[in-house]
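Summary of the model geometry
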Amino acid sequence: MNQKRVIFNAKLELLAPLLISSGNSNIDVDIQVIKDSNGIPFIPATSFIGVLKSIFSENYDTNKSNKLFGFDFQSSIKCHDLKSLNIINTEIRDGIKIDRKTNITKDGSKYNYEVVPFGSKFNIILEFYKENEKQDEELFKSLLTLICNSKFNIGAKTTSGFGRVQISEPKVYELDFSNREQFEAWLEYDFSKTWFNNNKETENYILPEKNHYFNITMDLSLKNSIIIKDYNSNIYSDAQSLKSNGKYVISGTSFKGVLSNRIEKILNTLDIKNPKKIMDELFGTEEKENTRKGRVFVDEYFIENIVPEIQNRVKIDRFTGGTINSALFNNTPLWNTHQDEKNLSVEIRVKKPKQHEIGLLLLACKDLFEGDLTIGGEKNIGRGVFKGLELNINNLSYKNQNNEEKLKPIKITSFKNNVSKEHKKILEPFIQSIKENINNA
């Protein structure tokens, strides 16, 4: 038996709802989160290790990843299931599929699913089997440095913002089993002794200079009202605005759906030959023969400086102009309380984008920024319109006059009169490439 262990212990906090399905359903919920025998949600070790391997592989070469996580031999890392550290009351979310041609819900496509709300915390215990080779231990500590200094996603619907997490209160313990006291502490997982080492030592490891993501951030102000409908949690109105752990949010699924719908319209307007292929490459597909994960990531965001207000409405018979019997209903949209002040900050990330994909996202974000693209329900009565305050483009790789690759941060406060000649010169090739690159591919 190996005589030494390096043990990593920390807290993992949810920054967004988490969905790891148990594969079960019941009368009330189509998709249930995985729970232990006591009915408490947990994160399986298999899910967590899979994410760690993916993160490490993106930043280090395959040989180092195989050496740490195993390939044709057993991994040197042992992971425990992540148990809950606080009381968790799960939430129910509604899901639908939108017909992109009609922009309405497909028949029979409504479903619901259970999620673990943001703010929930879990306990991480990772064990590294310490061998004689110091290089292996350094790889493990590089992994710890990587996950302690970044946010990442776990579970399902990660491209729509679900499962966003961060690690806090990290500690590293080095145990020598020749010491009876340390061996007994390992058996009981009691790390209250004085001989542990805090993981600040891992700050000496340099993170690789790799960034696979192009991203756009926007500060937005709500022009009037918005509603992301939630039918599950209010007895006073038929539908209220979506909440997570008591705070109003705009879901990543709503945001990503709006972006994909607008990009598909742009492709159709430009008469692109095969728009479906481009959409599948960018946003993924669930087709059985060609399942693919999307490369556009949008988180779930809190909306601020708003007030909920119940509105009573009726349905009108279009032939008579009178009220339809039993057609009184109400809902609770959110209203802006401070005009021209920020209500929402959004980040859209794209993994390893192609030139024309950047161009498509720039056009879609411009429409949202200029109030030409709406979010949420009841768009036909003016809800979900935003005014852009500031847009930042980061990690945009382009070639300068000397044909050298450059990364240029770009800040825009208005597309009408605030885009400099320099920025236009950088951005225009990405827009022009949409039709040129796609149809010639």
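The following refers to the structure shown. (Residues numbered from 1 in each chain as written. Predicted model: local features only at pLDDT ≥ 70, side-chain atom pairs only at ≥ 80, totals over all residues. Heavy atoms only, no water.)

A closer look at the overall build of the chain
Regarding its fold elements, the chain presents 8 helices and 30 strands. Of the contacts formed within the chain by residues at least 6 apart in sequence, a portion of 72% connects residues at least 24 apart. Accessible surface for the chain amounts to roughly 23400 Å². Of this, 46% is attributable to carbon and sulfur atoms. (Helix = DSSP H or I, 4+ residues; strand = E, 2+ residues; numbered from the N terminus. Contact = heavy atoms within 4.5 Å. Areas by Shrake-Rupley, 256 points an atom, 1.4 Å probe, with all protein chains shown as cover.)

A few points about the side chain of Ser 251
With respect to the element layout, Ser 251 can be found in the loop between β17 (247–250) and α5 (252–269). A distance of 3.0 Å separates the side chain of Ser 251 from the side chain of Thr 253, its partner in a polar contact. At 2.8 Å, the side chain of Ser 251 and the side chain of Ser 254 are in polar contact. In this structure, Ser 251 is in contact with Arg 93, Ile 228, Leu 242, Asp 299 and Glu 300, ignoring residues within four places of it in sequence. (Polar contact = N/O pair within 3.5 Å; in protein donor to acceptor, adjacent residues only side chain to side chain.)

Considering the sheet that holds strand β26 (residues 344–351)
Spatial ordering of the open sheet is given by β20-β26-β12-β27-β30, a layout of 5 strands whose pairing is antiparallel. Edge positions in the sheet fall to β20 (296–298) and β30 (410–412), since each of these pairs with one other strand and no more. Taking the axes of each pair of neighbouring strands and ignoring which way they run, one obtains an average angle of 20 degrees across the sheet. Pairing geometry for strand β27 (residues 386–394) and β30, over 3 bridges, is antiparallel. The partner of Ile 393 across the bridge, within β30, is Ile 410. (Pairing = 2+ DSSP bridges. Axes fitted to C-alpha atoms, helices over the stretch in contact; angles between N-to-C directions.)

What to know about helix α4 (residues 180–188)
Listed as buried for α4 are Gln 182, Ala 185 and Trp 186. Viewed along the axis of α4, the buried residues span an arc of 100 degrees, placing them on a single side of the element. Along α4, exposed side chains directed more than 90 degrees from the buried face belong to Arg 180, Leu 187 and Glu 188. Where α4 is buried, its residues contact β1 (4–14), β8 (121–129) and β10 (164–176). At the N-terminal end of α4, a side-chain oxygen is found 2.9 Å from the backbone nitrogen of Glu 181, two or three residues along, and the residue is Asn 179. Trailing α4 by a residue or two, Tyr 189 shows a phi angle of about 50 degrees, which is positive. (Buried < 20%, exposed > 50% of the residue type's maximum accessible area, 1.4 Å probe, protein only. Arc of directions from axis to C-beta.)

Remarks on the sheet that holds strand β25 (residues 334–336)
Strands pair in a sheet through their backbones, by hydrogen bonds, and they do so in one of two ways: parallel or antiparallel. Strand order in the open sheet made by the 3 strands is β13-β25-β22, with antiparallel pairing throughout. Of all strands in the sheet, those with a lone pairing partner are β13 (225–226) and β22 (306–308), marking the two edges. As paired elements, β13 and β25 share 2 bridges and run antiparallel to each other. Counterpart to Ser 225 in the pairing with β25 is Trp 335.

Section: the pattern of salt bridges
Considering all chains together, one arrives at 14 salt bridges under this definition. The salt bridge involving Glu 281 is made with Lys 354; its shortest N-O contact spans 3.3 Å. Pair noted here: Glu 281 is in helix α6 (residues 275–283) and Lys 354 is in the loop between β26 and α7 (355–369), with a separation of 73 residues, a long-range link. Under the relative-accessibility criterion, Glu 281 is labelled buried at 16%. With a relative accessible area of 39%, Lys 354 lands in the partly exposed category. Ionic pairing is found between Arg 295 and Glu 357, a salt bridge with its closest N-O pair at 2.5 Å. In this pair, Arg 295 is assigned in the loop between β19 (292–293) and β20 and Glu 357 in helix α7, connecting sequence segments 62 residues apart. One salt-bridge network, held together by shared partners, links Arg 164, Asp 299, Glu 347 and Arg 349. (Salt bridge = Lys/Arg side-chain N within 4 Å of Asp/Glu carboxyl O.)

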